[in-house]
Amino acid sequence: MNDTSLKNDGRAGFSRRRFITGTGSLLGAAALAGPIPSAWATPRTAAAPIASGSRVPALVIGTGYGGCVAALRLAQAGTDVHMAEMGMAWDTPGPDGKIFANTTRPDDRSFWLRTRTKQPLSNFLGFPLDRNVNRYTGILDAEEFGGITVYQGRGVGGGSLVNGGMAVTPRRENFGAILPTVDAEEMYSTYYPRANSGLGVTTIDPAWFEEADCYQYARVGRKHAERAGFPFLFVPAVYDWDYMKREAAGTVPRSALDGEILYGNNHGKKSLQKTYIDRIRATGRVTISPLHKVTTVTPAPDGGYTVLIDQLDTTGRTTATKTVTADKVFFAAGSVGTSKLLVGLKATGALPLLNDEVGRGWGDNGNVMCGRANHLWDPTGKLQASIPTGGIDNWDAGGAFAEVAPLPTGIETWASFYLSITKNPHRARFTWNAAAGRAELDWQTAWKQPSIDAAKTIFDRINRKEGTIYRSDLFGVHKIWGDHLTYHPLGGAVLDKATDNYGRLHGHPGLYVIDGALIPGNTSVNPFVTITALAERNIERIIATDL
């Protein structure tokens, strides 16, 4: 699709109305309808939640990558562990027979305590995509701060439930800029391999990639990148590729080939539920309480820490407040959750000895999104697998790595879509607003400009080579750049600053940070493998010395 074809629907061979009414379209009737009655009000709980008055040797706050690593290794070392998770267990099918909602048909399950969806891709051909829903403890939190929306997974498995599954290990030459106080040799010889094995990371069969209809969009992205002089890299992922081949053959229910990703994946994706959490449950030493939100951690009179936990219902209402004592507490609520909690605990005097580095060093991993309108002779395919398989590397020359992302609408769009990770230098800080009783982030919208400039080093050149233009209908009216969001929040309790070099919080022995809050703002690639590997490194030392 070129500039003329965008303006002339007839010449392009399709109309705006066909896009709107196409089967499976992002703008199908379901997306424009009002909320349907909530049918997911009583999820099944696999085990009894933690009781008030309990004492546990180790409490892990959160069930994402770092928390799961900590829980598994502690249990294997003989320590009983309890995990408190603010989100749901995601173990109960809804009335449609599926646990997770489809990306193109969001419903109550899709968003965390919102009455209207806030989809990352908010518009299409000038039409808004968001719709009204019932308030529910859904799987994706679109948390809004002053200058940015941060997307986070909510549920047992954390961000692994909602990310694209791209399991990327940074190039070794970039590692010193990511975690300068960590031994790279140890990470690349021991902890990255351990993380990749634990997560089930594999790479797509290149021969199948070349023939699969569902990756036509990626092959078009590769062709355009290489013609403009950029290398295209196959990227490992945590998807069962054999299952995807069976999806394509029509012998199993579709999952990635039904566009499932943003609000969970019902079959082939190896989220933490299928990897670390399966092994955690097998130890017999770990219990998990879904819909339990930690609000306060204070030193206990007889040692350890007193922890207050709100039990929630599926409307977000607190139904009980529990008091638990933990000998050791591991903060693994994600970069934003951990940072907000620690900033509040310091400011309110619950943990007064935390140092002034708490809340600092937060970044967005340089995330920025865009789309390109291709020519009619470059269709990207009606069927698009939701698991990305490749990226464009211009990190050294332009400070950007771009994931060739799917646009799984179910119709031909002649569009290439990208999520870029860029070398953005800006770092924000969480502070405590005492009057409002909440933590706030001082990110500024203008700080996204370095990310846009870096991404343009790739896409301006591709557009010049191909004679194509940017799409301006995906993030608002006449808006090219998705510069309002991040999928990859990092920092806020930076390693060797807010903590020591293994995640021990200064001032309060027995408190640890074990998640993405330790990483100062950028990993140069998708971050979850690095978060996992760093957690494997840190917990090994903690078990050896602190237990």
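Described below are features of the structure shown in this document. These figures come from a predicted structure and were not determined experimentally.

Here we come to the environment of E85. Mapped onto the fold, E85 is located in the loop between β2 (81-84) and β3 (123-124). Through-space distance from the C-alpha of E85 to that of V156 is 6.4 Å; in sequence the pair is 71 residues apart. Apart from the residues lying within four places of it in its own chain, the contact partners of E85 are G62, T63, R154, G155, V156, S289, P290, L291 and H292.

Now for unusual backbone geometry. Although it is not a glycine, W90 sits at a positive phi angle of roughly 55°. By the element assignment, W90 lies in the loop between β2 and β3. The exposure class assigned to W90 is buried, which follows from its relative accessible area of 6%. The phi torsion at D496 lies on the positive side, around 70°, for a residue other than glycine. By the element assignment, D496 lies in the loop between β19 (485-486) and β20 (511-513). Classification of D496 as partly exposed rests on a relative accessible area of 39%.

Tracing the chain through its elements places D141 in strand β5 (residues 140-144). Of the residues examined, D141 reaches a relative accessible area of 8% and is grouped as buried. One polar contact links D141 to R154, side chain to side chain, over a distance of 3.0 Å. The residues contacting D141, other than those within four sequence positions of it, are W112, V150, Y151, Q152 and R154.

A few words on the pairing of strand β6 (residues 149-153). The element β6 is largely enclosed, with a buried count of five among its five residues. Where burial is concerned, the two faces of β6 agree: the one with T149, Y151 and G153 and the one with V150 and Q152 are both buried. Linkage of β5 to β6, two consecutive antiparallel strands, is achieved through a turn of four residues. Bridge count between β6 and β19: two bridges; the pairing is parallel. Among the inter-strand pairings, T149 is bridged to a residue of β19, identified as L485.

What follows concerns the sheet that holds β6. Taken together, the three strands give an open sheet; going across it, the order is β5-β6-β19, and neighbouring strands pair in mixed fashion. The two strands at the open ends of the sheet, each matched to only one other strand, are β5 and β19.

A word on the packing of aromatic side chains. Taken as a whole, this structure holds 21 aromatic pairs when the rule is applied. Taking 5.8 Å as the distance between ring centres and 35° as the angle between the ring planes, the aromatic pair formed by F209 and Y215 counts as tilted. Overall, the relative accessible area of 0% leaves Y215 in the buried class. Arranged with centres 5.9 Å apart and planes meeting at 40°, the rings of Y215 and Y217 form a pair that is tilted. Each member of the pair Y215 and Y217 is classed as buried.

Moving on to the environment of Y215. Within the secondary structure, Y215 sits in the loop between α8 (206-211) and α9 (216-227). The spacing of Y215 and I387 is 172 residues in sequence and 9.4 Å in space, taken between C-alpha atoms. Among all residues touching Y215, those that are not within four sequence positions of it are I204, W208, F209, W241, M244, A385, I387 and T389.

Examined bridge by bridge, strand β9 (residues 292-299) and strand β10 (residues 305-312) share seven bridges and lie antiparallel to one another. Paired with V297 across the strands is V307, a residue of β10. Here β9 hands over to β10 after five residues, with G303 in that stretch at a positive phi of 100°. The sheet contact formed by β10 and strand β11 (residues 318-331) spans eight bridges and is antiparallel. Bridge pairing links T306 to T325 in β11. Connecting the antiparallel pair β10 and β11 is a turn made up of five residues, with G316 showing a positive phi of about 90°.

Turning to helix α10 (residues 241-249), its buried residues are W241, Y243, M244 and E247. When α10 is viewed along its axis, its buried side chains cluster within an angular range of 150° and face the same direction. Tucked into the core, α10 has its buried residues touching α8. Its side-chain oxygen at 3.1 Å from the backbone nitrogen of D242, D240 defines the N-terminal cap of α10. Remark: G250 follows α10 within two positions and exhibits a positive phi of approximately 80°.

Rules and cut-offs
- Residues numbered from 1 in each chain as written.
- Predicted model: local features only at pLDDT ≥ 70, side-chain atom pairs only at ≥ 80, totals over all residues.
- Heavy atoms only, no water.
- Helix = DSSP H or I, 4+ residues; strand = E, 2+ residues; numbered from the N terminus.
- Contact = heavy atoms within 4.5 Å.
- Buried < 20%, exposed > 50% of the residue type's maximum accessible area, 1.4 Å probe, protein only.
- Polar contact = N/O pair within 3.5 Å; in protein donor to acceptor, adjacent residues only side chain to side chain.
- Pairing = 2+ DSSP bridges.
- Phe/Tyr/Trp six-rings, centres within 6.5 Å; stacked < 30°, edge-to-face > 60°.
- Arc of directions from axis to C-beta.

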